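# Working through the structure, step by step
Listed below, chain by chain, are the residues.
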Amino acid sequence: MAPNQDLGLLGSLYQYKSIDKIISEKALNKVVNHLWYLNGETVGLGFFDPTLSHDEKSGMAAKLLSSSDDTEGTKNVNIRVEVKDVPAYVREGLKKFISHETFTFFSRFGIQTDFLLEDPKIWHANPQYQKGLKIVQSLKVVNDTAERGVKLMSDFNDLITREEDQKQFVLQVVSDCRRLYPDFSKSSLSIPLPTNPVEF
């Protein structure tokens, strides 16, 4: 699951300081800027992460259950990770991000939290845990690359023309070109470009 993987990456990059301090610091500065999604709610994914140890899950559950009385900070606040604090975040793991807001994760997906009272070693046998695991495994991840592609196309389209019929023509030409040149193989690229655009 992403939260634990990101913490693992942070730890590896931090340890890389012993090999190359400059690269380590540059990479850490970049990665910490991409942890915007890491907050009390999304860290709930960690309860269903098979790579987390039972001890880590037990610690997370204990912290969450102890925060059930604490209604302070129920607003979902993203935690800003500073490079100097990376060792503490890695050492404490996902438990550091657990807050009362983590309950929102469970309520959002209709997952009861009774299994948190049990030993994580037997969670797999709990129907509520199984339901949560199934939900988490079926979550679709937003494809950032596709979103960037759409944005790039929109920006490019606006630079060429603002007239809708011209935009449609550009898209048609691109579509026809892709049909004519389906890949970048030598045989495909050796096909001569038609001299008459109608041939597309």
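Above this text sits the structure in question.
A quick note: this is a predicted structure, and the numbers were derived from the prediction, not measured.

### Topic: the overall build of the protein
Assigned secondary structure in the protein consists of 9 helices and 0 strands. Its helices and strands in sequence order give the protein the pattern α-α-α-α-α-α-α-α-α, from N to C terminus. The proportion of buried residues among the 200 residues of the protein is 32%. Sequence-distant contacts, at least 24 apart, represent 63% of the contacts inside the protein between residues at least 6 apart. For the protein, the exposed surface amounts to about 13,300 Å²; the carbon and sulfur share of it is 57%.

### Quick look at the nonpolar core
In terms of nonpolar packing, the biggest core is built from 34 residues, with Leu10, Phe47, Phe48, Val81, Phe106, Phe115 and Leu116 touching the most fellow members. Broken down by secondary-structure element, the contributors of at least two residues to this core are α1 (2–15), α2 (21–32), α3 (54–66), α4 (86–92), α5 (102–108) and α6 (127–138). Excluding residues within four positions of it along the chain, phenylalanine 47 makes contact with Lys57, Met60, Ala61, Leu64, Ile98, Thr102, Phe106, Leu116, Trp123 and Tyr129.

### Quick notes on the packing of α1 against α2
Contact geometry of α1 with α2 gives a least axis separation of 8 Å together with a crossing angle of 160°. As judged from the angle between their axes, α1 and α2 are roughly antiparallel. In the packing of α1 onto α2, the handedness of the crossing is left-handed. On the side of α1, the interface is formed by Leu9, Leu10, Leu13 and Tyr14, while α2 contributes Ser24, Ala27, Leu28, Val31 and Val32.

### With respect to α2
A rise of 1.5 Å per residue sets the reference length of α2, with its 12 residues, at 16 Å; its end C-alpha atoms lie 16 Å apart and thus fit the reference within 8%. Along α2, the residues that are buried comprise Ser24, Leu28, Val31 and Val32. Each buried residue of α2 lies within a common arc of 90° when the element is viewed along its axis, so the set occupies one face. Residues Ile22, Lys26 and Lys30 are exposed on α2 and point more than 90 degrees away from its buried face. Against α1 and α4 lie the buried residues of α2. Measuring from the side-chain oxygen of the N-cap residue of α2 to the backbone nitrogen of isoleucine 22 gives 3.2 Å; that N-cap residue is aspartate 20.

### Examining the packing of aromatic side chains
Overall, the coordinates contain 13 aromatic pairs when judged by the stated rule. Every member of this aromatic cluster is reached through a ring pair, and the members are Phe47, Phe48, Phe105, Phe106, Phe109, Phe115, Trp123 and Tyr129. The aromatic ring of tyrosine 89 is capped on one face by lysine 96, whose charged end is 5.1 Å from the ring centroid.

### Remarks on a negative patch on the surface
Together, Asp55, Glu56, Asp114, Glu118 and Asp119 give the surface a local cluster of negative charge. Judged by relative accessible area, which is 46%, aspartate 114 ranks as partly exposed.

### Describing the side chain of glutamate 41
Its location among the elements puts glutamate 41 in the loop between α2 and α3. At a separation of 2.4 Å, a polar atom in the side chain of glutamate 41 contacts the side chain of arginine 108.

### A word on a nonpolar patch on the surface
A cluster of nonpolar side chains, Tyr16, Ile19 and Ile23, forms an exposed patch at the surface whose accessible area comes to about 300 Å². By the secondary structure assignment, isoleucine 19 is in the loop between α1 and α2. Residue isoleucine 19 is classed as exposed on the basis of its relative accessible area, which comes to 63%.

### What about the environment of aspartate 119?
Its location among the elements puts aspartate 119 in the loop between α5 and α6. A relative accessible area of 40% means that aspartate 119 is categorised as partly exposed.

### Examining the side chain of lysine 57
Its location among the elements puts lysine 57 in helix α3. Despite being buried, lysine 57 has no salt bridge partner; aspartate 49 is the closest side chain of opposite charge, sitting 6.4 Å away. Of the polar contacts made by the side chain of lysine 57, one reaches the backbone oxygen of aspartate 49; its length is 3.0 Å. Lysine 57 has contacts with Gly46, Phe47, Phe48, Asp49, Pro50, Leu52, Pro120, Trp123 and Tyr129, leaving out every residue within four places of it along the chain.

The rules behind these values
Residues numbered from 1 in each chain as written. Predicted model: local features only at pLDDT ≥ 70, side-chain atom pairs only at ≥ 80, totals over all residues. Heavy atoms only, no water. Helix = DSSP H or I, 4+ residues; strand = E, 2+ residues; numbered from the N terminus. Buried < 20%, exposed > 50% of the residue type's maximum accessible area, 1.4 Å probe, protein only. Contact = heavy atoms within 4.5 Å. Areas by Shrake-Rupley, 256 points an atom, 1.4 Å probe, with all protein chains shown as cover. Core = buried A, V, L, I, M, F, W, Y, C linked by side-chain atoms within 4.5 Å. Axes fitted to C-alpha atoms, helices over the stretch in contact; angles between N-to-C directions. Parallel < 35°, antiparallel > 145°, perpendicular 65-115°, else oblique. Left-handed = near helix turned anticlockwise from the far one by under 90°. Expected span 1.5 Å × (residues − 1). Arc of directions from axis to C-beta. Polar contact = N/O pair within 3.5 Å; in protein donor to acceptor, adjacent residues only side chain to side chain. Phe/Tyr/Trp six-rings, centres within 6.5 Å; stacked < 30°, edge-to-face > 60°. Lys NZ or Arg CZ within 6 Å of the ring centre and 35° of its normal. Patch = residues over 30% accessible without salt bridge, like charges linked within 9 Å, V, L, I, M, F, W, Y side chains within 5 Å. Salt bridge = Lys/Arg side-chain N within 4 Å of Asp/Glu carboxyl O. Lys, Arg positive; Asp, Glu negative; His and termini not counted. Charge placed at Lys NZ, Arg CZ, Asp CG, Glu CD.

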